[in-house]
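Analysis of the macromolecular model
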Amino acid sequence: MSATTTTPDLAIAMRGVTKIFGERPEAALEMLRSGKSKSDVQSETNHVVGLDNVSLDIAKSQIFVVMGLSGSGKSTLIRHVNRLIEPTAGEIVVNGTDVLKMSLDELRTYRRTQVAMVFQKFGLMPHRSVIDNVAYGLEVRGVERKTRLAEAAKWIEIVGLSGYENSQPRQLSGGQQQRVGLARALAMDTDIILMDEAFSALDPLIRSGMQDQLIELQKSLNKTILFITHDFDEALKIGDRIAVLKDGALQQEGKPEDIVLRPANAHIEEFVREVNKARAIHVRSIMERGEHELCAQAVSKDARCEDVLPLFAEHQWVGVVDDQGAQIGRVTAKQVITALARYTPGVN
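Cut-offs applied
- Residues numbered from 1 in each chain as written.
- Predicted model: local features only at pLDDT ≥ 70, side-chain atom pairs only at ≥ 80, totals over all residues.
- Heavy atoms only, no water.
- UniProt positions renumbered as here; feature names shortened; annotations may be inferred.
- Helix = DSSP H or I, 4+ residues; strand = E, 2+ residues; numbered from the N terminus.
- Buried < 20%, exposed > 50% of the residue type's maximum accessible area, 1.4 Å probe, protein only.
- Contact = heavy atoms within 4.5 Å.
- Areas by Shrake-Rupley, 256 points an atom, 1.4 Å probe, with all protein chains shown as cover.
- Lys, Arg positive; Asp, Glu negative; His and termini not counted.
- Charge placed at Lys NZ, Arg CZ, Asp CG, Glu CD.
- Core = buried A, V, L, I, M, F, W, Y, C linked by side-chain atoms within 4.5 Å.
- Domains from an automatic or database assignment.
- Salt bridge = Lys/Arg side-chain N within 4 Å of Asp/Glu carboxyl O.
- Buried area = accessible area lost by both parts, 1.4 Å probe.
- Polar contact = N/O pair within 3.5 Å; in protein donor to acceptor, adjacent residues only side chain to side chain.

- Going by the annotation in an unreviewed UniProt entry, the name recorded for the chain is Quaternary amine transport ATP-binding protein, with Devosia limi DSM 17137 given as the source organism.
- In its Catalytic activity (unreviewed entry) section, UniProt records this for the chain: "a quaternary ammonium(out) + ATP + H2O = a quaternary ammonium(in) + ADP + phosphate + H(+)".
- Taken directly from UniProt, the Sequence similarities (unreviewed entry) text for the chain runs: "Belongs to the ABC transporter superfamily."

1. Some points on the overall build of the chain
- Looking only at helices and strands, one finds 15 helices and 14 strands in the chain.
- Its C-alpha atoms give the chain principal-axis dimensions of roughly 65 × 60 × 40 Å.
- Considering the chain as a whole, with its 348 residues, one finds that 50% of them fall into the buried category.
- Relative to all contacts within the chain whose residues are 6 or more apart in sequence, the contacts with residues 24 or more apart total 65%.
- Split by element, the accessible area of the chain, about 16600 Å² in all, is 47% carbon and sulfur.
- For the chain, the distance from the average position of its 42 positive side-chain charges to the average position of its 46 negative side-chain charges is 3 Å.

2. Focus: the nonpolar core
- M195, F227 and F232 are the most contacted members of the largest nonpolar core, which has 67 residues in total.
- Looking at this core element by element, the count peaks at six residues for helix α8 (residues 174-187).
- Looking at which domains feed residues into this core, each of domain 1 (60-86 + 101-279) and domain 2 (282-342) gives three or more.
- Not counting the four nearest positions on each side in its chain, F227 is found in contact with I63, F64, V65, V66, M195, F199, L214, E234 and I238.
- Core analysis: the second largest hydrophobic core is formed by 27 residues, I12, L107, Y110 and A243 among them.

3. Points about the pattern of salt bridges
- Within this structure, the stated rule accounts for 23 salt bridges.
- A salt bridge links D231 to R207, with the shortest nitrogen-to-oxygen separation between them at 3.8 Å. Of this pair, D231 sits in the loop between β8 (224-229) and α10 (232-238) while R207 sits in helix α9 (residues 204-221), placing them 24 residues apart in sequence.
- Here D323 makes a salt bridge to K301, at a shortest N to O gap of 3.9 Å. Within this pair, whereas D323 is found in the loop between β13 (317-321) and β14 (327-332), its partner K301 is found in the loop between β12 (298-300) and α14 (305-308), the two being separated by 22 residues in sequence.
- Sharing partners across several salt bridges, the network here consists of R284, K301, D302 and D323.

4. Observations concerning the domain arrangement of the chain
- Split into domains, the chain comes out as domain 1 (60-86 + 101-279) and domain 2 (282-342).
- Once you take the C-alpha centre of each, domain 1 and domain 2 turn out to be 30 Å apart.
- Each partner contributes residues to the interface: domain 1 has nine residues there, and domain 2 has seven residues.
- Taking both sides of the interface into account, the surface hidden between domain 1 and domain 2 amounts to around 640 Å²; carbon and sulfur atoms contribute 42%.
- It is E257, A278 and R279 that lose the most area in domain 1 upon contact with domain 2, and together they represent 68% of the buried surface on that side.
- Applying the counting criterion to the domain 1 and domain 2 interface returns one salt bridge.
- For the salt bridge of E306 with R279, the shortest nitrogen-to-oxygen distance reads 3.5 Å.
- One can count six residue pairs in polar contact (both at pLDDT 80 or more) joining domain 1 with domain 2.
- When residues of the side of domain 1 that touches domain 2 are traced back to their parent elements, those giving at least two are α10, α11 (256-261) and α13 (277-280).
- Take the side of domain 1 that touches domain 2: its biggest share by element is three residues, from α13.

Structure follows, in structure tokens:
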């Protein structure tokens, strides 16, 4: 495979990726590069701009969320990573290798070993049992039956479906079917998982539970997860970083706090207008670092302000701990109130 130089901590790098759907995309591309808008290109050429010069860096072991309204290009973007869609222009580098330069054999190997995908509509095979659905990717990879079934059974248990191994997909609820899809992707043990509106078809309560499970699994798995959604609350809840698309173009990219507290333009401002700021601000961004008196009440550095607010009914401050449970600082009620007031319109 042809290697392209990137920094070692990057899992996915997209450079100037543009996708135009139509019979003569090159001519439409020239119009786009000359300054014509997406609507101008469509009205004059009958070509559709799916992506417009998108560049993103996605670090290893993070949940990176791409969000936008319908037609923003987010699902087009994720399908470029495993080359289900060929770009009109640009470069896509995954773990140091240019995906666009792969031969067909290399591409097949790449799809079987480096990336797994979870679909919005579950994508389960109705004639296969749960365990055979979960094991399918390993079967395609050539793993012998006993080994792949053992691996599938492990992930079925992890996603909370023990006892359903021999059930058919039609016998499961929507949430259970999506857990099967997630288990199938995890069973592949790839470094990168692509999730295209994976929870969008679920009822709100089930959806929230799936989000919680994904966050919990990620603590031990440390996968690179590219997650597509149209739901800003979902993006805030699970994303380490968020990119917002509109009309195929990147509007803003950054930490959840950056997007909510420092919107780049009017489109982002409209998105975040009604967002609960306490949900967006992480404790780690406002805490006092260093040694402090140990507190019986402590929260993770990844907790959000909304998580600690109830604790201030009994405490003026609470400890903040790292992933190993060691206290690395504290956060006070005053710090949280000050941070929320700073970013709330009309509050000084």
